[in-house]
Amino acid sequence: MTNQTTPPSWLDAALEFCVAKTRHNLSTLVNFPERTEGGQWVQIPPEQHGWWVGGHWVGLLWLAYAASGDPAFETAARDWGKRLLPQLNENADHDLGFLFELGFILGNRLTGDESLKSPALQAAAILSRRFNARGQFIQAWGALDSSPELRGRTIMDTMMNLDLLFWARNETGNPRYAEIAAAHARTTLAHHLRTDGSTSHTCDFDPETGLFIRQGTHQGMSATSCWSRGQAWGVYGFADCYRATGDPVFLNASRRLMVYLWPRLPADLVPFWDYDSPLIPNDVRDSSAASVLASGLLSLAAVENDPNLASIWQNRAISILESLWKSYTSRDTGEASLLIHGTRSKPHNLMDHGLIYGDYYFLEALLRLAKPKLAIS
Ligand code: GLY
């Protein structure tokens, strides 16, 4: 149910800025970028093969190709994508979705090249083996024989990795992939989501019995607080689940997360790192939470079955993007990232910097607006 709206006046300038800066970054980066320090990219050691964010850099290159038509970006996306392949092993964690949906499926959608599907199918098979049938969840971190603590942990972020499984169901015809993805989403709904529509970052389960133990956090303020990027992953991820399954519980989940967060955003619509920080308004923002939210809202608007809500989601996404473009891009600062004022993890003292995933979802959202028919997801 896509809205027909006039593209915002600033959209072309924002796209040109993203493409130009990505071109510049491509000419300077040796290894995968993760966050900025002192305005420059901190690059991931090559032996980590892009860690969990390598797909965002490859995806950004694919999007720059889609925005500009410049084949140099396509060549670069293919070259950098190959560097992700060593992550196709049984020790990989749940981030296989981020890595291989953005690194390969996106490339397949944009170019039609069937050979890009094979690594993503391998990734989906590995990800599906992280499913704990007793608890009906996908183990987020650690090897399959790691500590009970790791074997029993779920995180909001996994909502973004389910689309890989839905895609694999469509490609292979094997319903098991979609069953696992939907089961994990229902478990997230039952245990991460609180009655007020906020979410916990983590949950712990007994990996042997599958019984829920407690809510917790890793990057948020506390077990009872709402980490803003986790909430944004949820809005986006539940919209993906609704698109893939048609099950209204997932549409309602995405809406409920919005009901919680929208009144808690500051005037410029870029969230503080945790909605419950007592330091607000004197605390750090997370521009990546804003860009994830904006792109997730455009995705939600496209599947929303209530036309009034669809235009609300679309208009809110545009307002967030306008704020990011006008006040949170590096166009006046010269930093290497597209967006500034992101927060990887305040509890780990990593804040107020650029983040490659913030950049990816910013350009993804701009392209959803500029080219609504483009096959991004
Ligand atoms: N998925 C890790 C993060 O959002 O920081």
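Whatever comes next refers back to the structure up there.
About the thresholds
- Residues numbered from 1 in each chain as written.
- Predicted model: local features only at pLDDT ≥ 70, side-chain atom pairs only at ≥ 80, totals over all residues.
- Heavy atoms only, no water.
- Near = heavy atom within 4 Å.
- Polar contact = N/O pair within 3.5 Å; in protein donor to acceptor, adjacent residues only side chain to side chain.
- Areas by Shrake-Rupley, 256 points an atom, 1.4 Å probe, with all protein chains shown as cover.
- Nonpolar A, V, L, I, M, F, W, Y, C, P; charged D, E, K, R; others polar.
- Helix = DSSP H or I, 4+ residues; strand = E, 2+ residues; numbered from the N terminus.
- Expected span 1.5 Å × (residues − 1).
- Bend = angle between axes of the 7 residues up to and from the residue.
- Buried < 20%, exposed > 50% of the residue type's maximum accessible area, 1.4 Å probe, protein only.
- Phe/Tyr/Trp six-rings, centres within 6.5 Å; stacked < 30°, edge-to-face > 60°.
- Lys NZ or Arg CZ within 6 Å of the ring centre and 35° of its normal.
- Core = buried A, V, L, I, M, F, W, Y, C linked by side-chain atoms within 4.5 Å.
- Contact = heavy atoms within 4.5 Å.
- Pairing = 2+ DSSP bridges.

(A) Region of the structure containing the site of the ligand. For the ligand, the full set of nearby residues is Trp52, Asp157, Gln219, Trp227, Arg229 and Trp233. One nitrogen or oxygen atom from the side chain of glutamine 219 is found 2.7 Å from an oxygen atom belonging to the ligand. Coverage of the ligand by the protein chains reaches 92% of its 200 Å² of free accessible surface. Here the residues of the shell around the ligand sort into three nonpolar, one polar and two charged.

(B) Spatial organisation of helix H4 (residues 96-111). The end-to-end C-alpha separation of H4 is 21 Å, in line with the 22 Å expected for 16 residues at 1.5 Å each. Considering bend angle alone, the principal kink of H4 is centred on leucine 102 and spans about 30°. Judged by how many residues are buried, H4 sits mostly within the fold: 14 of 16 residues are covered. Backbone geometry just downstream of H4 places glycine 112 in the positive-phi region, at approximately 80°.

(C) Spotlight on the packing of aromatic side chains. Scanning the entire structure with this criterion turns up 15 aromatic pairs. Here a set of aromatic residues connected by ring pairs shows up, and it is made of Trp51, Trp52, Phe98, Trp233, Tyr236, Tyr357, Tyr360 and Tyr361. Stacked on the ring of phenylalanine 272, the Lys or Arg arginine 285 has its end atom at 4.4 Å from the ring centre. For arginine 331, the ring lying beneath its charged end belongs to tryptophan 325, and the centroid distance is 4.0 Å.

(D) Seen up close, the nonpolar core. Residues Leu321 and Tyr361 are the most contacted members of the largest nonpolar core, which totals 120 residues. Broken down by element, the residue count for this core peaks at ten residues, all from helix H13 (residues 356-370). Ignoring anything within four residues of it in the chain, the contact list for tyrosine 361 reads His56, Phe98, Leu102, Met160, Trp233, Tyr236, Ser291, Val292 and Ser295.

(E) Fine view of the pairing of strand E7 (residues 212-216). Here strand E6 (residues 202-205) runs beside E7; their pairing, made up of four bridges, is antiparallel. Its bridge partner being in E7, aspartate 204 is matched across the sheet by arginine 214. Counted between consecutive antiparallel strands, the loop separating E6 from E7 contains six residues, among which glycine 210 sits at a positive phi close to 80°.

(F) Expanded view of the side chain of glutamate 304. Within the element layout of this structure, glutamate 304 appears in the loop between helix H11 (287-303) and helix H12 (307-327). Within polar-contact distance, the side chain of glutamate 304 engages the side chain of arginine 255 at 2.5 Å. A polar side-chain atom of glutamate 304 sits 3.0 Å from the main-chain amide nitrogen of aspartate 306.

By themselves, these figures tell us nothing about what the structure is for.
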